[in-house]
Amino acid sequence: MSVAAMPDVDPVVAQAQEYAQKLMLLSEGSVNKHFDPFEDIDWDDPDFAADAGEERWVLPVSGDTLGRHPWYQAQPLERKIAIGKYRQANVAKVGLQFESILISGMVTHIFGVPNGSPEFRYCSHEMIEEHNHTLMFQEMVNRIGLDVPGMGPLVRKFKYVGAPVAALFPNLFFMAVLAGEEPIDHIQKAILRSGDEVHPIMRGVMAIHVAEEARHISFAHEFLKNHVPGTNPANKFILSIAMPIVMWILGRSIYTPPRSFWREFDIPDSVRKELFYGTKEAKQDFSDLFGDVRTLARDIGLMNPIAKRVWKLLRIDGHTTRYRSEPLRAVRAG
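About the criteria used
- Counting restarts for each chain: residues are numbered from 1 in the order of the written sequence.
- In view of the model being predicted, local features appear only for residues whose pLDDT reaches at least 70, and side-chain atom pairs are presented and counted only at 80 or more, with totals across whole chains, interfaces and linings using the full set of residues.
- Derived side-chain values reflect all non-hydrogen atoms in the structure, with water molecules and hydrogen atoms excluded from consideration.
- Salt bridge criterion: a side-chain nitrogen from Lys or Arg within 4 Å of a carboxyl oxygen from Asp or Glu.
- Numbered from the N terminus, helices here are DSSP runs of H or I no shorter than four residues, and strands are runs of E no shorter than two.
- Each residue is placed in one exposure class: buried if its accessible area under a 1.4 Å probe, protein chains only, is under 20% of its type's maximum, exposed if it is over 50%, and partly exposed if it falls in between.
- Under this rule, positive means Lys or Arg and negative means Asp or Glu; His and the chain ends count for nothing.
- Here a residue-residue contact requires only that any non-hydrogen atoms of the pair lie within 4.5 Å.
- Note on geometry: axes are lines fitted to C-alpha atoms, helical ones only across the stretch in contact, with angles between N-to-C directions running from 0 to 180 degrees.
- With respect to orientation, any angle under 35 degrees is reported as roughly parallel, any angle over 145 as roughly antiparallel, any angle of 65 to 115 as roughly perpendicular, and every other angle as oblique.
- Polarity classes work like this: nonpolar for Ala, Val, Leu, Ile, Met, Phe, Trp, Tyr, Cys and Pro, charged for Asp, Glu, Lys and Arg, and polar for all others, with Gly in that last group.
- Whether two aromatic rings pair depends on their centres lying within 6.5 Å, for rings of Phe, Tyr and Trp, where Trp uses its six-membered ring; planes under 30 degrees apart make the pair stacked, over 60 edge-to-face, and the rest tilted.

**Observations concerning the pattern of salt bridges**
In the structure shown here, the tally under the stated rule is 14 salt bridges. Lys22 serves as the salt-bridge partner of Glu222, at 3.4 Å between the closest nitrogen and oxygen. With Glu222 in helix H8 (residues 200-227) and Lys22 in helix H1 (residues 11-32), the pair connects residues that are 200 residues apart, well separated along the chain. Relative accessible area serves as the criterion here: at 16%, Glu222 is assigned to the buried category. The class for Lys22 is partly exposed, based on a relative accessible area of 34%. Lys189 is paired through a salt bridge with Asp185; the nearest N and O atoms lie 3.0 Å apart. Placement of both Lys189 and Asp185 in helix H7 (residues 170-194) is noted, with a separation of four residues, approximately one turn of the helix. According to the relative accessible area criterion, Lys189 is buried, its value standing at 14%. Salt bridges sharing partners connect three or more residues here, namely Lys22, Glu222 and Lys225.

Laid out in structure tokens, this is it:
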């Protein structure tokens, strides 16, 4: 029997106890099943060398919109490999930068939590794992050997706002966490589920990241489920409008390569627009990344009529999921 189902328990107390239990389970998961990128990835295996089996850097069709585009498919193998290496190294660098912003905000958040708060322990576990992820991503970039920039110059300014937003607007901060984590998680899971052959460096990094990111995303969902419903109506309305805007801004920042990538390989601007902005398929691919978030918004009372219009205006409205990380094929079949 859950705490909430016990008789004669104040609903507010019951909710707090149930939240604490969920965070304890997540904390215990971090203790019992965690990874060290320098123990769990055999970087010195000759097969992990960046120039070993270089054809495995060709972008996977299932998990990368550029990888299945006719322009990319028409390129010579050497050029496809070079683009793939740069693309995957830059994705890793973006991941590193996003995790750094997340850590800065989470440090600020736990500074003010009261003694006994289960958030302190869980967030501390998560920051340890995120620090390991930054090491892992940077090691991948170093092994590939390309001086990739990661985020574009404007997006990199987000490094200054993580801590202040976490301190002043924690609900908004954890929405931003989901805006960064959900797209990467969905893309990596699509690649791993597809069975496409990818370079072992990339597969090893993705496997660790997906395994631990499941806890991190779960926490952000539970945090918002616990904290948002009790806010006053005005704050809740503001959050309902902010949520799709945050998803669009940060989601685009994570999902779309910086302009330096397109310049590096002289990729036509028409291809860039078609891949990420111009076509119905491109818009649908981006919208599909937020099925779990739309479900969360509905469940915590943030999908009011005006908010729905904002989701639709930004073209990130669409299906909701029956459970977190439900495969897209199951959603469409249902």
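**Re the side chain of Glu130**
Along the polypeptide, Glu130 turns up in helix H5 (residues 118-144). Arg215 provides the closest opposite charge to the buried, unpaired Glu130, separated from it by 9.9 Å. Sequence-distant contacts of Glu130, defined by excluding residues within four places in its chain, comprise Glu99, Leu102, Ile103, Glu181, Glu213 and His216.

**Quick word on the packing of H1 against H8**
Look at H1 against H8: their axes get within 11 Å of each other, and the N-to-C directions meet at 170°. Relative to H8, H1 is oriented roughly antiparallel. Of H8, the residues touching H1 (which contributes Gln15, Tyr19, Lys22, Leu23, Leu26, Gly29 and Ser30) are Arg215, Ser218, Phe219, Glu222, Phe223, Lys225, Asn226 and His227. Class assignment of the residues belonging to the contact of H1 with H8 gives a composition of five nonpolar, six polar and four charged.

**Digging into the side chain of Thr256**
Structurally, Thr256 is set in the loop between helix H9 (233-255) and helix H10 (259-264). Thr256 gets classed as buried once you look at its relative accessible area, which sits at 12%. Excluding its chain neighbours within four sequence positions, the residues that come into contact with Thr256 are Phe276 and Tyr277.

**Overview of the packing of aromatic side chains**
The tally for this structure, following the rule as stated, stands at 14 aromatic pairs. Note on Tyr122 and Phe219: the rings are 4.6 Å apart at their centroids and 35° apart in plane angle, and the pair reads as tilted. In this pair, Tyr122 is assigned in helix H5 and Phe219 in helix H8, connecting sequence segments 97 residues apart. Across the pair, exposure class does not vary: Tyr122 and Phe219 are buried alike.

This is a description of form; function is not addressed.
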